[in-house]
Amino acid sequence: MTKHTTQAATSGGTTREAKQVLKALMASVEKCDHEKSRNSYSCDAFLRLFQPDKSMGTADDAIAPGLTSKQFQSLVFATVSSMQKNTAKRFFSGLCSVLESIISEEAYVPASAFVGEDENENANHSHDEIVADVESTECLHFIKYAAMCVSAYLQTRIAQAKEKRLSIGMQIQVLAEVYDVAATLHNILLSLHTCGPESTNSQNAVLAMCAAWWFANASSRDALIAQCLPILVLQTLEADFHNSHMTKLYKLRDAFRVIDFTNPSSDSLRQLLLRATSNPRCLRMQEGRKFIAFLFQETDLIKDLHMAIRAQIPDAKPTVLKCYGEIYHRAWKNAADSPIIRDEIEHHALQDLMYAAIHVSSTETARSILAVLEPLHDDKKTPAVAGLLYRSYGPIVWRSLAAANPLVRKNAVVVLEQVFPLNDPRENHMKEAVSRATDALKRSLQDKDPRVRVAGCDATASICALFWEALPASEIRILLKHIVMELASDGSSSAVRAAALDATSTLLKAGQSHAVLRGLLPCLGNMIHDKAEKVRLAACRMLAQIKKTPGIKFYHVVPVDHLTARLAEESRMHNDPRNGVAYGLTSLLLNSYFPQGENSSATLQVQRTMSFLISDPRAASVFYANLADLLDPEAVTKFICMLLACLTGAVDEEHTLEVKGAKTGKKRRRRPANREETTQQDQHNFSASNLPLMASLAETIAVLLESVLSNVRDEKYLCCKEQLVSRFVESDIINILMYFEQKGLNSATSSDRRRSVENDGFRTCAGILRCVKALPNRATDRILSFVSDSMRTIHRGDEYSLALVSSHLSLLCSWGMTDEVAALLAASIESAFSDDRTNFLSPISDLEKPLRSSRACLSHAREVNIFEALVFPVQILRPIIDAILEGKNPSSAAIRESIVDSVVATTAVDTALGQGPVFAERMLVADPTIGRTLKESEIEFILWSCEAYGRFALHREAQKRDEIRLNEQAKKLLTWSTDHVVPALVGAQSGESELRDIMNLSRISNVSESLIMPDSPSVASPPRQRANLSRTPEQMSRRSLTPFETTSWNDPDVFLVSSAARALLQSSCVVVAEFLAVGGLCGEEVANTAVNWFKLLHEGSDDIGEEKPVQEDMLPVFIRLAIQLCKSSASFTLLKEIFKCAEHSIGKHSALLTKGVVSLLKYSCSQDSLTVNGVVNAFLEVVDETLAFEDVVPTTEPAQELHGVWDYPVGCVATVLKGILSVRCASLVLVQSLVSRIGSYSGETMAKSSFDIKCLRYIMTSRGNIAAACRPITSQLDLSRFDLDNNMHISLEKILKSNS
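From a predicted model like this one, the values you see are computed outputs, not experimental measurements.

Let's talk about the confidence of the model for the protein chain
- Per-residue confidence for the protein chain gives a mean pLDDT of 76; residues scoring 70 or more make up 73%.
- The spread of mean pLDDT over the elements of the protein chain runs between helix α41 (residues 854-857), the lowest at 35, and helix α26 (residues 533-548), the highest at 94.
- Contacts of residues 837-864 to residues separated by more than four positions or lying in other chains number 54 contacts, the stretch itself having pLDDT below 50.
- Below a pLDDT of 50 lies the segment residues 991-1052, which in the model reaches 160 contacts outside its immediate sequence neighbourhood of four places, other chains included.

Dropping the structure here:
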């Protein structure tokens, strides 16, 4: 009994019911056939048997009473499967007749599919655009159930074959009428794919029928599979892909053997299969990878499949590359029984990849190819794979190791590492193979190209670690000597030094190497202080590996004091305690300063912490800042609570001692005279009076809390957050803050001015306030009152006082009071600009410092304005805003981010700073009401506010996090500088008296004498940056504190105008340079404006003997701006104008110009060669323009010195040429340009040709360091082409002669 009959029987079906169903089936088919003869396609009778009325929920009671629709359908299929032979012939013959009529009339195709075909023969409709109609839907259902009937009948034949126990491989014979129906359905499979969504079920039914026919090995199965395969492949490529599609395709993989891929009719299927090789969904499934590997068994597909995969390799992800590697490896292994196919795979696929892995020009592509070949390389211990590697790599690896191209040598070394020892398994020549490979490794370690030496280090370490016992001891000693003693101290390449340390780490993983390396490792200890960060990171990795190595201690290689010093220095270098090297060192020292495990306790952890904070507080701060990245948040939370308890306990104990002293009436003992000894004793005592320790402790708590804050905010660690908040709320934070702030304030008025005590007191307060940001709103009232009173008492402008104020303001911003903070800053700025100018304070010694008490601190209420009558004096205001703009510390950076995120706050600060240009404009027009009454400090403040206005505009624009362009404020600054500052400077320089030498303008000027850009936001033009970086553009210079030599302003107003205009124009240049440095897209606009400025200031300045102090003072900022324009915008117009300056006009800044050109060219050689070409072209254009407009007499005498090349009194060509020849790549570009110019002479002036030949001859004869590299270029000169005078012809002959 079949499956369907079993279901029918269990559902209550009887023989009578089956007969009735059979009778109904035959009648429905005959009815359809009869109506077909009258051109009517009504299949209702047939479809009602397979689709009973669903609204009724049961079948027709006349046939099978009591059965559900699903049960009745099963009974119908069971009836079909149990038909007798003659009955089956009649039934399937009728089905075939109806199907042929439906197909011939295309009745199954919806009418919407034919819309537009009359107007456009190529009209195509997408699958979803086709709308089904009633007639086509009935026909599609008829096709579906016809296919299901064939499948049901086929299942019976399979069951009968099993009962007869037919041998495997024998075909199952099927009635011809059944085959006709199956063939008819198979032939319309592809057309069903274009009949809209309604055809999907019909198509799936036909596919299932054909698959069942194939798996049953029924007669003529090859003829019923060809149309199925494209559909199945296409299903795996469509958007509605399902894993079952790939599974079906893989099960039918053997069916592809019937396809003749040499026939052009199979090209469409070939293209589908090639698309499958790049489909990530196919590659993700194991069946998909197996299927593609199976396709490699078709010789006609191997080349195409390989080329399709090859095209994907350069841009493929690592996971995809791994899949391709598995496919190639599996395909080659599966062809073990077919030497012809295996040979095809080797020659057309694998050898192509192996050759490309060595000779490809892209390092990334070579790495991707090796990832594909990795499964084969890893399987090299298998004799068959070893033979494959020897046959494929043998002819090319050894030859490539000696190639002229260093990239080929480097790739060959990498391949040798993976296929070592590259021996033929059929012959026992292992010793010779090892000797040949080690000789190649030694040559790679001594290669002149650093990339080859890096690859040699990695390969040598890996081979020695894996094959230590197979290598001769003498060879190992030689290889280790090269790595540890030579390459680790390679001064020419930091990558080589880092590779040597990484190689040592790899060697340490081999236990046999420990005895040899134990004595060599101390030689590598100083690498922890290497100037290159990648080397220091490699040293950290090496020390971490040493820590895991038994018998070797890392502190014997690098002493602990060196490690802690490195920790502190890394924080200073990066301006951030959390960086790669600091993290590595923290992990290395974790057990030393934060012991864990069964033998450790909380007391021991606190003791180690206090000892670390006392011995090296800077290193300890960096260590604990990285601690949260190495521990669970629960452990860090517990540690923070312990440290907070220690701090609170120390303050409480100090208060208790003071109360006891007050009750007994005893005075506290006076501090001994020898204060240094007492200080050293106090530093080792844990008490609140030990202010350095308390400050370090507070800062440690702050950095721990900030570093772990991102984790405790997750829902998983809500308990940690609640624990931290409750502990801070329970602690008397106000009492702690008042205690340490009072320590700092008391020392400020003491006669000896113990500044260190003041600093430590304020440092402690700042550290605690950084922690208070985590407190809930219910604890803010008392803190706000304390903050308000604290800011009223701060009157110093030193670093630690400013850190305390920054902490106050940052705390307020974190509590949503950004607008109030901005209003306070704006009010302070506006107060400084008031008419009476009373806010410009007297010297600090004239101030009376107010003292505070706890009662006064707690007297304020929350509803009172905490900033009432609070205005920062100028001496505090300026450093505060500078710190905010620079982001000197986390608090300052947080304030800046909060202000620029708020429209109200930004507007308030921008409006206040905007008064600076207003007052400056009054100075520029020599307003007598302001010019002669201003004090020195007031002039400085006006000029400073103009600079701050531009820098604040930069931060506003950068905060948008999209393209940075000149915003309204920056454009206003440029326009104002053009309309007011430059005209004032040009007009004042003619009337400027000799009194300009009386005053020192260093406090006004924004430009120092440092290299090109004093304290630029970026030493070199960085990639596009975003706002709110951890490190922001810093203030342009550190102004000298040298006072004015005169305080009388009875000198001519013209000098005041000139001095102010210089400083303002310098600020404008520096601000727009910062816009460019952080990725601003404003190069063209800035270049045009700057060129106009420079031309106005440069007019008439090249007259010999004329002094132009304005130009000389302004030249550094113009050099800076010109170099930044070249880096960020490839604009060389301003640089050309500077090149045109005469040597005498640039004066002492000639060295600065040379240094700037060198830095620009060195940066460009490593980033963008177009900039180098631009600088060289600008230089040659200046030469041509100068020689064309100046009345000069050319000389043909050879130049012995650099200045002899350009012996004309115009332009600074010699200075620029010196910079170009200092950079190798720029020198080559210049020589190539000169040779091209000489080779293209056609009537050029004698002066131009004279300069070109003289310059080229000087380079070839006097610059031996680059002459050798230039000889291939100068060899292109052909004397027979030139019609030159005798002297120039002789010069060219000598140039060519020098080549030989």
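Examining the nonpolar core
- Core analysis: the biggest nonpolar cluster contains 383 residues, and F91, F92, Y393, F1118, F1179 and L1230 have the highest contact counts within it.
- No other element matches helix α6 (residues 134-164), which puts 14 residues into this core.
- Excluding its chain neighbours within four sequence positions, the residues that come into contact with Y393 are M354, I358, L373, H377, V415, V419 and L422.

Notes on unusual backbone geometry
- In this structure, the amide linkage connecting F420 to the following residue, P421, adopts the cis form with an omega of 10°.
- Looking at where P421 falls in the secondary structure, it is placed in the loop between α20 (406-419) and α21 (430-445).
- One non-glycine residue, S220, lies in the positive phi region at around 60°.
- On the secondary structure map, S220 appears in the loop between α9 (200-215) and α10 (228-237).
- Its identity is not glycine, yet L422 carries a phi of approximately 55°, on the positive side.
- Tracing the backbone shows L422 in the loop between α20 and α21.

Examining helix α42 (residues 874-886)
- The terminal C-alpha atoms of α42 lie 18 Å apart, and with 13 residues this matches the ideal 18 Å at 1.5 Å per residue to within 8%.
- Immediately beyond the C-terminal end of α42, within one or two residues, lies G887, with a positive phi of roughly 70°.

A word on the packing of helix α22 (residues 450-466) against helix α24 (residues 494-508)
- Where α22 contacts α24, the two axes come as close as 9 Å, and the packing angle between them is 5°. Put simply, α22 runs roughly parallel to α24. On the side of α22, the interface is formed by P450, R453, V454, C457, D458, A461, S462, C464 and A465, while α24 contributes A495, V496, A499, A500, A503, T506 and L507.
- When the residues that make up the contact of α22 with α24 are grouped by side-chain class, the tally is twelve nonpolar, two polar and two charged.

A closer look at empty space enclosed by the protein
- Within the structure shown, the criterion is met by eight cavities of 30 Å³ or more.
- Those elements that place two or more of their residues in the lining of the second largest cavity are α42, α43 (890-901) and α44 (903-913).
- By residue number, the principal contributor to the lining of the second largest cavity is α42, which donates three residues.
- The residue inventory of the lining of the second largest cavity, partitioned by class, reads eight nonpolar, no polar and one charged.

The rules behind these values
Residues numbered from 1 in each chain as written. Predicted model: local features only at pLDDT ≥ 70, side-chain atom pairs only at ≥ 80, totals over all residues. Heavy atoms only, no water. pLDDT = per-residue confidence, 0-100. Helix = DSSP H or I, 4+ residues; strand = E, 2+ residues; numbered from the N terminus. Contact = heavy atoms within 4.5 Å. Core = buried A, V, L, I, M, F, W, Y, C linked by side-chain atoms within 4.5 Å. Buried < 20%, exposed > 50% of the residue type's maximum accessible area, 1.4 Å probe, protein only. Expected span 1.5 Å × (residues − 1). Axes fitted to C-alpha atoms, helices over the stretch in contact; angles between N-to-C directions. Parallel < 35°, antiparallel > 145°, perpendicular 65-115°, else oblique. Nonpolar A, V, L, I, M, F, W, Y, C, P; charged D, E, K, R; others polar. 1 Å grid on protein atoms, 1.4 Å probe; cavity = no way out; pocket = protein on both sides within 12 Å on 5 of 7 lines; lining within 4 Å. Points joined across faces, edges and corners; volume = space filled by probe spheres on them.

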